[in-house]
Amino acid sequence: MGEETIRAKDILLGLRHLRRGVGNSARALKILALSSRDSVLSIGGVLEENADRHGDRLALRFDDEKWTYHQFNQQANRYAHALRAAGVGKGDVVSILMENRPDVLFVVAAAVKLGAVAGMINTAQRGDVLRHSFGLCRPAACVIGTELAEAFAEVRDDLDVAPERTWFVPVDESAEVPESGIDLRRSAAGLSSANPETTGDVRMADPAFYIFTSGTTGLPKASVMSHFRWVKAMAGTGLIALDMQPDDVLYCCLPLYHNNALTVCWGAAMANGSALALARRFSASRFWDDIRRHDASVFTYIGELCRYLMAQPPSLLDREHRVNRMMGNGLRPDIWKAFKDRFGIERVLEFYGASECNIGFLNIFNFDETVGFCPAPYAIVAYDVENDAPVRDRRGRLRRVRTGEVGLLLGEISDLAPYDGYTDPEASEKKLLRDVFRKGDCWFNTGDLMRDQGWRHAQFVDRLGDTFRWKGENVSTAEVEEVLNQHPQVEQAAVYGVQVPHADGRAGMASLVCNVPHDHFDFAALHRLVGEKLPKYACPLFLRFSGGHEVTGTFKLRKAGLKEEGFDPASVSDPIYVLLPGSQCWHPLDEATRRQIDEGVVRL
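Residues numbered from 1 in each chain as written. Predicted model: local features only at pLDDT ≥ 70, side-chain atom pairs only at ≥ 80, totals over all residues. Heavy atoms only, no water.

1. Considerations on the environment of L159
Just so we agree on the cut-off: The way it works is that DSSP assigns letters per residue, a run of H or I at least four long becomes a helix, a run of E at least two long becomes a strand, and they are numbered from the N terminus. Any pair of residues with heavy atoms lying within 4.5 Å of one another is described as a contacting pair.
Position of L159 relative to the elements: it lies in the loop between α7 (149-155) and β6 (166-169). In this view, L159 contacts F134, C142 and F152; residues no more than four positions away in its chain are not counted.

Rendered as structure tokens:
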């Protein structure tokens, strides 16, 4: 679909891709019609219903182990009774620091059955960042995997958590629980497996999780995920979009501290009593072997995960699986169709959303290169990148862009699309725009630039922090990256703007991970490519050849460090090349040329 707009006939053709079963649709519409946040419906309630109705169905696969819904619910209940015996109750926060394994889901289910909040700590954090995240949660209890006991020990003294509410879960039989800790698995072993009566007291409006932003810029923030949003997402993704059936197996290799795993994956699997196959972590080389091992029919992705799979050597087994649909966000247009063709995927259910965002888009019509359709009230408004602000008219109101144009995405806050915000009220308020189209209205600022494709469809363009201005024009880093990634010698491109002396705005710079050494790189082919695909102002003036890029736990590129290092060859060990005025090729950047740029002798 690319930059094309959606037409009425596209929608009609797309309807054939909606394979909704009658039972799934009826149940989904019933759930989605629940607009009251005071309704008694929760994650724990869904789990208990599945245990009653589908107790013998497979709920979870991990390595060589399996759990039915009945067994899953029983273990969650034992953990719930252990937490409750220590005084954990409604509104308390249970911080969880544990790598992917079934115990994470057992503990989360246990906490939310009590009306407590599961604080999902990023397992990659250490030191001050980890201390900051625990501080945002203000936990009443902690559950720690023994594999992360040392990381927890660094911050434990800063937490006001009683020893009797600090549990550890052994990662394997040989793992030892710290002397000052309690073995949760052992202490819960003899407790009741019956459902706690507290599940019936949990309302849709109650918070279920704290999910942390990735922290690509600044310290992470903790967004609030309610039962309301989880249950709605379960219905929308599991019942309508994926049409999950009892024999479906959804493979998840994403970290459970991220909403794509905890809400999208787990929710979709629970929607109709299907199975979730959980991996310890993502491995590009083992991905399809894992898919076949668990007989998965669906998988989820995020960020650059699909590009890593495409970078693996082609195999005769690439289509030897029963996966026919995939769901996630961040599949780039430059590999969208190639990925489907190589691995035989029928449907790509790309979606747009964020832990703190009150709206979402979903590609239910199976169009290519779009985040899909949004039923909730939203607006894409004109945005001034240079002044970093939405464009307001003389009355102070914002203007919607026309179909085909790019603007800032906003979501209207209402009872149907509530905003739960962050644990920090000040951070929550900063994400709001008021008096947007009329006095008193309130909208969530996504911070993302989107192209309006018509018929309530949109295409992701860029994050505001990644878009920069050069030569009086706005440059989308995502669009430049998509072009650079088409070069056969480029495995991954990270594009950003860098400040240049004696010039307004920021010049484009690209950090490239390549499959050939920099002195064997085909610069002429790259110059032809960007000349054909990009306007002149968007062509990166600096190229940096890197051995690899730093990514978050959810495969998002970290660019803050690259921006700070800039293009100074004296402080950057990677080879840097520059495209000088009038030149048709990039050349090595040495100290002499750098000084000429600094002094204004060479003006880019």
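2. Section: the nonpolar core
Filter applied, for reference: Nonpolar cores were defined as sets of buried Ala, Val, Leu, Ile, Met, Phe, Trp, Tyr and Cys residues, with membership established by side-chain atoms within 4.5 Å. Only protein chains enter the accessibility calculation, which uses a 1.4 Å probe; a residue whose area is less than 20% of its type maximum is buried, one above 50% is exposed, and one in between is partly exposed.
Ranked by size, the top nonpolar core spans 109 residues in total, and within it F209, W230, W266, F287, W288 and F299 carry the most contacts. Counting residues per element, this core draws most heavily on helix α5 (residues 102-113), which supplies 9 residues. Setting aside chain neighbours within four positions, we find F299 in contact with Y251, F287, W288, I291, V323, R325, M326, M327, F339 and I345. Counting residues in each nonpolar core, the second largest holds 43 residues, with A493, F521, L562 and W586 among its members.

3. Focus on the sheet that holds strand β7 (residues 182-183)
Put simply, the test is: At least two DSSP bridges between two strands are required for those strands to pair. Lines fitted to the C-alpha atoms define the axes, with helices restricted to the stretch that makes contact. Angles between their N-to-C directions range from 0 to 180 degrees.
The mixed open sheet is built from 7 strands, whose spatial order is β7-β6-β5-β3-β4-β8-β9. The sheet is open, and its two borders are formed by β7 and β9 (222-226), each paired with just one other strand. With 4 bridges connecting them, strand β3 (residues 93-97) and strand β5 (residues 141-145) associate as parallel partners. Within the sheet, the bridge partner assigned to V94 lies in β5 and is A141. Where helix α10 (residues 259-270) meets the sheet, it contacts β4 (117-120), β8 (207-212) and β9, and its direction lies at approximately 140° from that of β8.

4. Examining the packing of aromatic side chains
To describe a pair of aromatic rings, you give the distance between the ring centres and the angle between the ring planes. The condition is simple: Aromatic rings from Phe, Tyr and Trp, with only the six-membered ring used for Trp, were paired whenever their centres fell within 6.5 Å, and each pair was classed as stacked if the ring planes differed by under 30 degrees, edge-to-face if by over 60, and tilted otherwise. Whether a charge sits over a ring depends on NZ of Lys or CZ of Arg being within 6 Å of the ring centre and within 35 degrees of the ring normal.
Counted under the stated rule, the structure contains 28 aromatic pairs. Ring geometry for F361 and Y378: centres 4.9 Å apart, planes at 65°, overall edge-to-face. Taken as a pair, F361 in strand β15 (residues 361-362) and Y378 in strand β17 (residues 378-381) lie far apart in primary sequence, 17 residues in all. Ring geometry for F542 against F567: centres 4.2 Å apart, planes inclined by 20°, an arrangement best described as stacked. On the criterion of sequence distance, the pair formed by F542 in strand β28 (residues 542-545) and F567 in the loop between α17 (560-565) and β29 (576-578) is long-range, its members being 25 residues apart. Looking at F542, the relative accessible area reads 0%, which means it is buried. Taking the relative accessible area as the measure of exposure, F567 reaches 4% and is therefore buried. The structure contains a cluster of three or more aromatic residues connected by ring pairs, namely Y251, F282, F287, W288, F299, Y308, F339 and F343. In this structure, K221 is placed above the aromatic ring of Y422, and the distance from its NZ or CZ to the ring centre is 5.3 Å.

That's the geometry; what it means functionally is another story.
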